[in-house]
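Working through the structure, step by step
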Amino acid sequence: MRRMQIDFAPPGWRRAVFRLRPLAVFGAVLGLGLCAGAGLAAWEMAQKQQAREAQLQAIQRKAIALSKAPPPVAAVAIPEAQAQAVNAAILQLNLPWNDLQDAVAAATPRHVALLALDPDARKRLLKITAETKNADEMIAYIEELKQQEFFSAAALLRHEVNEQDPNRPIRFQVEVQWRAP
């Protein structure tokens, strides 16, 4: 015959726990332990994720700061000859060409033919090679150069008569010193 269970007690939580089988209690305790372990592991992973995000943001800020700063320039030793050549080129490029040409053009009459302008930026000298028909025009031209405000001095360096030309022009070279701007 089968065993009959007769229970006249009112239903409640104590009665339900009492009637649980040991295997069900073990399963419930095991399930709660696994849930607690999974919750703890998830919390630790969230903490690690936050730490990694903070580290990534710090690296990104550092990278942005480094990209804004100019890269370090290595000191390069420039040989003296190269430095002098560069400085000479800069002096030539910084010549006051407009002022020189304006002053020469203002002083040059129609009967004087300009052949060459040769500036020396270091000494602030301009060598003018020109031709004219006679010596009086040459001297008048030099005096006119002396009268220009941009020039501080003018001197005749050399002159010669071109015998091969039928007009026999006088070719001369004048050295003019300009004032510092």
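Residues numbered from 1 in each chain as written. Predicted model: local features only at pLDDT ≥ 70, side-chain atom pairs only at ≥ 80, totals over all residues. Heavy atoms only, no water.

Right, let's get into the sheet that holds strand β4 (residues 170–178). Strands sit in the order β1-β2-β4-β3 across an open sheet of 4 strands; the sheet is antiparallel. Edge positions in the sheet fall to β1 (113–120) and β3 (151–161), since each has one partner strand and no second. Neighbour-to-neighbour, the strand axes of the sheet open up by a mean angle of 20 degrees, direction not taken into account. Of the strand pairs in this sheet, β1 and strand β2 (residues 125–132) are connected by 7 bridges, and their pairing is antiparallel. What sits directly across from L117, in β2, is I128. (Pairing = 2+ DSSP bridges. Helix = DSSP H or I, 4+ residues; strand = E, 2+ residues; numbered from the N terminus. Axes fitted to C-alpha atoms, helices over the stretch in contact; angles between N-to-C directions.)

Among the secondary structure elements, I139 is positioned in helix α5 (residues 135–147). With 17 residues separating them in the primary sequence, I139 and L156 have C-alpha atoms 8.7 Å apart.

It is worth spelling out the packing of aromatic side chains at this point. The tally for this structure, following the rule as stated, stands at 2 aromatic pairs. Relative to F172, the ring of Y141 has its centre 6.2 Å away and its plane inclined at 65 degrees; by these criteria the two rings are edge-to-face. In this pair, Y141 sits in helix α5 while F172 sits in strand β4, placing the two residues 31 residues apart along the sequence. Each member of the pair, Y141 together with F172, is buried. (Phe/Tyr/Trp six-rings, centres within 6.5 Å; stacked < 30°, edge-to-face > 60°. Buried < 20%, exposed > 50% of the residue type's maximum accessible area, 1.4 Å probe, protein only.)

Moving on, we get to the pattern of salt bridges. A complete count under the given rule lists 4 salt bridges for this structure. The shortest N-O distance in the salt bridge between E131 and R171 comes to 2.7 Å. You can see E131 sitting in strand β2 and its partner R171 sitting in strand β4, a full 40 residues away along the chain. Judged by its relative accessible area of 31%, R171 falls in the partly exposed class. (Salt bridge = Lys/Arg side-chain N within 4 Å of Asp/Glu carboxyl O.)

This part is about unusual backbone geometry. Unusually for a residue other than glycine, R124 sits at a positive phi of about 55 degrees. Mapped onto the elements, R124 comes out in the loop between β1 and β2. Residue R124 is classed as partly exposed on the basis of its relative accessible area of 34%. Here R168, not a glycine, exhibits a phi torsion of approximately 50 degrees, which is positive. Look at R168 and you get partly exposed, because its relative accessible area is 45%.

According to the domain assignment, the protein consists of domain 1 (15–67) and domain 2 (95–178). Put simply, the middle of domain 1 and the middle of domain 2, counted by C-alpha atoms, are 95 Å apart. (Domains from an automatic or database assignment.)

To continue, consider the environment of Q5. Here Q5 shows up in the segment before α1 (13–19). Sequence-wise, Q5 and V112 are 107 residues apart; in three dimensions their C-alpha atoms are separated by 142 Å.

A cluster of nonpolar side chains, contributed by W13, V17, L20, V25 and V29, occupies part of the molecular surface with about 520 Å² of accessible area. Sorting the residues of the nonpolar patch by element identifies α1 and α2 (22–68) as the ones contributing at least two each. Examined against the element boundaries, V17 turns out to sit in helix α1. Exposure remark for V17: the relative accessible area of 49% places this residue in the partly exposed category. (Patch = residues over 30% accessible without salt bridge, like charges linked within 9 Å, V, L, I, M, F, W, Y side chains within 5 Å. Areas by Shrake-Rupley, 256 points an atom, 1.4 Å probe, with all protein chains shown as cover.)

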